Amino acid sequence: MTERRLLLATGNPGKVREIRRALQGLSIDGALLEIVGLPDVLPGLAHAERGRTFEQNARAKSLFYSRRWPGLTLAEDSGLEIESLDGAPGVRSARFSAPRPSDGKNIRKVLRLLKDIPAPARRARFVCVMVLAERGRVVAEFRGEVRGRIATAPRGESGFGYDPIFYYPHLRRTFAELPSEVKNAVSHRGRAAARLRRFLEKKKKAPSGGPAAGRPDGASALTSARSRPPR
Ligand code: ITT
């Protein structure tokens, strides 16, 4: 029997919440898309990240888990790029304060490194690359970005990771001060997920497996969602 459940292959609960919300209510072939997480179906399995780009890491994660799961598998790699730090922490965002990283320590390290940098030069962006794979093959890739600035002190309680110091000028709030549906509407992950959602909606209507049919390398489906620059 065909596996109709989509595996959301991430160990980060913040990502799980946001991606579930972005895909909620999506039905494929008349049935509501069921999303399962790693602890539900592949407990105890972990994948070490080694790539130098978000694309490499997202592909590697998605392919790794898709070889162990019979249905569609979605993984994503994301992070914060700070202009005055030459793009750091980038793909090292989760482990920026290694050896025992935490969101709090990561934030403190960023604030320390930027302590003499004035507001206009604190430009940053969040990037998210999602890769949908099936049985060891990439089906499609989706990229989302959002531009903002690094605040001088943390503000807000929602979200996760660097949200308390990511200031989004269009709404004059840090991401941690936004309700999750508002963050999802403008964030790197929300933008990538909106593209994924449209792709899955089209895929179900296409008779022969969808727009990526015959082009499973995903290059044809690579799509990007960039934000407007900050005002
Ligand atoms: P998985 O690999 O299991 O998906 P991870 O947290 O290790 O989980 P990444 O390697 O992609 O995932 O690291 C992403 C990090 O980037 C994340 O831990 C945060 O520190 C940061 N980040 C990404 N998106 C974010 C967001 O929306 N808000 C705040 N921080 C974010």
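You'll find the structure just up there.
Nothing here was measured: the structure is a model prediction, and the numbers come from that model. (Residues numbered from 1 in each chain as written. Predicted model: local features only at pLDDT ≥ 70, side-chain atom pairs only at ≥ 80, totals over all residues. Heavy atoms only, no water.)

Visitor: Help me get a handle on helix H1 (residues 13-23), residues and values and all.
Guide: Listed as buried for H1 are Gly14, Lys15, Glu18, Ile19, Ala22 and Leu23. With its buried residues spanning 145 degrees around the axis, H1 presents them on a single face. Turned more than 90 degrees off the buried face of H1, the exposed positions are Pro13 and Arg17. For H1, the capping residue at the N-terminal end is asparagine 12, with a side-chain oxygen 2.8 Å from the backbone nitrogen of glycine 14. Positioned one or two residues after H1, glycine 25 has a phi angle of 80 degrees, which is positive. (Buried < 20%, exposed > 50% of the residue type's maximum accessible area, 1.4 Å probe, protein only. Helix = DSSP H or I, 4+ residues; strand = E, 2+ residues; numbered from the N terminus. Arc of directions from axis to C-beta. Polar contact = N/O pair within 3.5 Å; in protein donor to acceptor, adjacent residues only side chain to side chain.)

Visitor: How would you summarise the pattern of salt bridges if you had to cite specific residues and measurements?
Guide: Pairing of side chains with opposite charge becomes possible as their charged atoms draw close. Under the defined criterion, the tally for this structure stands at 18 salt bridges. Between arginine 189 and glutamate 76 there is a salt bridge, and its shortest N-O distance comes to 2.5 Å. Separated by 113 residues along the polypeptide, arginine 189 in helix H6 (residues 188-205) and glutamate 76 in strand S5 (residues 72-82) bring together distant segments of the chain. Classification of arginine 189 as buried rests on a relative accessible area of 2%. By relative accessible area, glutamate 76 is classed as buried at 1%. The partner of aspartate 163 in a salt bridge is lysine 183, with the nearest N and O atoms 2.8 Å apart. Residue aspartate 163 is located in the loop between strand S7 (137-150) and strand S8 (166-168), and its partner lysine 183 is located in helix H5 (residues 180-186); the two are separated by 20 residues in the primary sequence. (Salt bridge = Lys/Arg side-chain N within 4 Å of Asp/Glu carboxyl O.)

Visitor: Talk me through the site of the ligand; I want residue IDs and the actual numbers.
Guide: Inspection of the region around the ligand gives 20 residues, with Thr10, Gly11, Lys61, Asp163 and Lys183 positioned closest. Lysine 61 is positioned such that a nitrogen or oxygen atom in its side chain is 2.7 Å from an oxygen atom of the ligand. Here a nitrogen atom of the ligand sits 2.6 Å away from a polar atom, N or O, in the side chain of aspartate 163. Burial of the ligand by the protein chains amounts to 89% of its free accessible area of 620 Å². One can see that the ligand is located within the largest pocket. Per-class residue counts for the shell around the ligand are four nonpolar, eight polar and eight charged. (Near = heavy atom within 4 Å. Areas by Shrake-Rupley, 256 points an atom, 1.4 Å probe, with all protein chains shown as cover. 1 Å grid on protein atoms, 1.4 Å probe; cavity = no way out; pocket = protein on both sides within 12 Å on 5 of 7 lines; lining within 4 Å. Sits in = over half its atoms within 2 Å of the grid points. Nonpolar A, V, L, I, M, F, W, Y, C, P; charged D, E, K, R; others polar.)

Visitor: Give me the side chain of arginine 143: which residues, what numbers.
Guide: Along the chain, the position of arginine 143 falls in strand S7. Within the local environment of arginine 143, its side chain forms a polar contact with the side chain of glutamate 55, the two groups lying 2.6 Å apart. A polar contact is formed between the side chain of arginine 143 and the side chain of glutamate 145, at a distance of 3.1 Å.

Visitor: Outline the environment of arginine 20, listing residues and values.
Guide: Along the chain, the position of arginine 20 falls in helix H1. Along the primary structure arginine 20 and isoleucine 35 are separated by 15 residues, whereas in three dimensions their C-alpha atoms are 7.5 Å apart. Apart from the residues lying within four places of it in its own chain, the contact partners of arginine 20 are Leu8, Ile35, Val36, Gly37 and Asp40. (Contact = heavy atoms within 4.5 Å.)

Visitor: Describe the pairing of S7, naming the residues involved and giving the relevant values.
Guide: Counting buried positions over the 14 residues of S7 gives 11, a clear majority of the element. The sheet contact formed by strand S6 (residues 123-134) and S7 spans 12 bridges and is antiparallel. Bridging across to S7, methionine 130 finds its partner in phenylalanine 142. What sits between the antiparallel neighbours S6 and S7 is a turn of two residues, in which arginine 135 has the positive phi angle 45 degrees. Here S7 runs beside S8; their pairing, made up of two bridges, is antiparallel. Counterpart to isoleucine 150 in the pairing with S8 is phenylalanine 166. (Pairing = 2+ DSSP bridges.)

Visitor: Give me the lowdown on the side chain of serine 187, citing residues and values where you can.
Guide: For serine 187, the position within the fold is in the loop between H5 and H6. Residue class for serine 187 comes out buried when judged on its relative accessible area of 0%. When near neighbours in sequence (up to four residues on either side) are disregarded, serine 187 contacts Val146 and Phe175.

Visitor: Could you give an account of the nonpolar core, with specific residues and numbers?
Guide: Leu6, Leu74, Met130, Leu132, Leu196 and Leu200 are the most contacted members of the largest nonpolar core, which totals 22 residues. Breaking this core down by element, the ones donating at least two residues are strand S1 (6-8), H1, S5, S6, S7 and H6. At five residues, the largest contribution of residues to this core is made by H6. Excluding residues within four positions of it along the chain, leucine 132 makes contact with Leu6, Ser62, Leu72, Thr73, Leu74, Arg137, Val138, Val139, Ala140, Leu196, Phe199 and Leu200. Counting residues in each nonpolar core, the second largest holds 19 residues, with Ala124, Phe126, Tyr168 and Val186 among its members. (Core = buried A, V, L, I, M, F, W, Y, C linked by side-chain atoms within 4.5 Å.)

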